[in-house]
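The chain contents come next:
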Amino acid sequence: MNKPRHLLANNKKWAAAMKKANPTFFAELAKLQQPEYLWIGCADSRVPANEIVGLLPGEMFVHRNIANVVVHTDLNCLSVLQFAVDALKIKHIIVCGHYGCGGVKAAMENNDHGLLEAWLANIKDVQLLHRAELEETLTMGTRFDRLCEFNVIEQVTNVCRTNIVQQAWHRGQQLAVHGWIYEIGDGILQDLDVTINSLEQLPAYFRLT
Ligand code: CO
């Protein structure tokens, strides 16, 4: 059977190099994880979370899916969020999208992508919400870029709408939700400046008591 054995060989080399740099690295990590960050990003192989922000194992809790979408009924994402906020007490949630996102592009198309359409519907909703601005934007390329940005912004709001995040704020827990976007072409992250760190920043109709 054809197995990707080189990956296991790479792993041995990596573990040895890590141990050489810090002999107690893995022993310390095995005791506990204390990440300060939760990353919610796209599953795209070109956007490896820890690597692009220079963080080591143990420093960031990560959830990735197609087009970094936060759906109100997604038990997977909500479970990650709850554990990160309630148990790990992470201080920053980073929703990170990227330009050229295949999921966002697929959502802009009219052809049927099968099962994936149910997921892409969430991005089509973002498109509908910002239709006025998107349709005024002239070229298809800039419209695509802008939808990638709007998708991040709406997912930041969706994170803040959860009772998980709102109850943390009610308890006085320090927690900020950020929206970033990554350019695959140059490896640079951009802060979209949509950070929310209190209930007061949300519209009244989203606030839970
Ligand atoms: Co993507």
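Look a little higher up for the structure.
Since the model is a prediction, treat every value here as computed from it, not as a measurement.

> Looking at this model, I keep getting lost on the packing of aromatic side chains. Mind explaining?
How two aromatic rings sit relative to each other is given by the distance of their centres and the angle of their planes. Under the criterion given, the structure shown has four aromatic pairs. Plain terms: the ring middles of Trp-14 and Phe-26 are 5.6 Å apart, the flat faces sit at 70° to each other, and that makes the pair edge-to-face. Of this pair, Trp-14 sits in helix α1 (residues 5-21) while Phe-26 sits in helix α2 (residues 25-31), placing them twelve residues apart in sequence. Ring plane angle 70° and centroid distance 4.8 Å describe the contact between Tyr-205 and Phe-206, whose orientation is recorded as edge-to-face. Relative accessible area serves as the criterion here: at 69%, Tyr-205 is assigned to the exposed category.

> Is there a simple way to think about the nonpolar core in this case?
Where a protein is soluble and globular, its nonpolar side chains tend to be buried together. By size, the foremost hydrophobic cluster in this structure holds 47 residues, and its most contacted members are Leu-38, Leu-81, Ile-93, Val-159 and Trp-169. Elements represented by at least two residues in this core include exactly β1 (37-42), α4 (75-87), β3 (92-98), α5 (102-108), α6 (116-129), α8 (140-161), α9 (163-170) and β4 (176-183). Element by element, the count of residues in this core is highest for α8, at eight residues. Those residues within four positions of Ile-93 in sequence are excluded, and the remaining contacts are Leu-38, Ile-40, Leu-81, Val-85, Val-159, Val-165, Leu-175, Ala-176, Val-177 and His-178. Grouped together as the second largest cluster of nonpolar side chains are seven residues, Val-47, Ala-49, Met-60 and Tyr-182 included.

> How should I be thinking about the coordination of the cobalt ion in this particular structure?
Six octahedral donors around a metal ideally sit at 90 or 180 degrees from one another, while four tetrahedral donors ideally sit at 109.5 degrees. The coordination sphere of the cobalt ion contains the protein donors Cys-42 (SG), His-98 (NE2) and Cys-101 (SG), at a distance range of 2.0 to 2.3 Å. Ordering the donors of the cobalt ion by residue number gives the pattern C-x55-H-x2-C. Residue classification places His-98 among the buried positions, given a relative accessible area of 1%.

> Mind showing me how you'd approach the sheet that holds strand β5 (residues 188-191) here?
Strand pairs in the sheet, formed through backbone hydrogen bonds, run parallel or antiparallel to each other. Taken in spatial order, the five strands line up as β2-β1-β3-β4-β5 in an open sheet, and their pairing is mixed. At either end of the open sheet lies a strand with only one pairing partner, and these are β2 (60-65) and β5. Each strand of the sheet is rotated relative to its neighbour by a mean of 25°, with strand direction disregarded.

> Even after reading the chapter, I still don't get the pairing of β4, so can you show me in this structure?
Working note: regular strand, side chains alternate between the two faces of the sheet. With six of its eight residues buried, β4 lies for the most part within the structure. Of the pairings in the sheet, the one linking β3 to β4 comprises seven bridges and is parallel in character. When the bridges of β4 are listed, Cys-96 appears paired with Trp-180. Two elements, β4 and β5, share four bridges in a ladder whose sense is antiparallel. Its bridge partner being in β5, Ile-181 is matched across the sheet by Gln-190.

> Just to check I follow, could you spell out the pattern of salt bridges for this structure?
For side chains of opposite charge, pairing can occur when their charged atoms come near one another. For the structure shown, the criterion picks out six salt bridges. Between Lys-105 and Glu-109 there is a salt bridge, with the nearest N and O atoms lying 3.4 Å from each other. Where Glu-133 meets Arg-146, a salt bridge forms, and the shortest distance between an N and an O atom there is 2.7 Å. Residue Glu-133 is found in helix α7 (residues 131-136), and its partner Arg-146 is found in helix α8; the two are separated by 13 residues along the sequence. For Glu-133, a relative accessible area of 35% translates into the label partly exposed.

> Even after reading the chapter, I still don't get α9, so can you show me in this structure?
One full turn of an α-helix is made of 3.6 residues, so residues set three or four places apart face in the same direction. Residues of α9 that are buried: Ile-164, Val-165, Gln-166, Ala-168 and Trp-169. Considering only its buried residues, α9 is in contact with α4, β3, α8 and β4. Remark: Gly-172 follows α9 within two positions and exhibits a positive phi of approximately 85°.

Conventions and cut-offs
Residues numbered from 1 in each chain as written. Predicted model: local features only at pLDDT ≥ 70, side-chain atom pairs only at ≥ 80, totals over all residues. Heavy atoms only, no water. Phe/Tyr/Trp six-rings, centres within 6.5 Å; stacked < 30°, edge-to-face > 60°. Helix = DSSP H or I, 4+ residues; strand = E, 2+ residues; numbered from the N terminus. Buried < 20%, exposed > 50% of the residue type's maximum accessible area, 1.4 Å probe, protein only. Core = buried A, V, L, I, M, F, W, Y, C linked by side-chain atoms within 4.5 Å. Contact = heavy atoms within 4.5 Å. Donors = N, O, S within 2.8 Å, 3.2 Å for Na, K, Ca; no water. Pairing = 2+ DSSP bridges. Axes fitted to C-alpha atoms, helices over the stretch in contact; angles between N-to-C directions. Salt bridge = Lys/Arg side-chain N within 4 Å of Asp/Glu carboxyl O.

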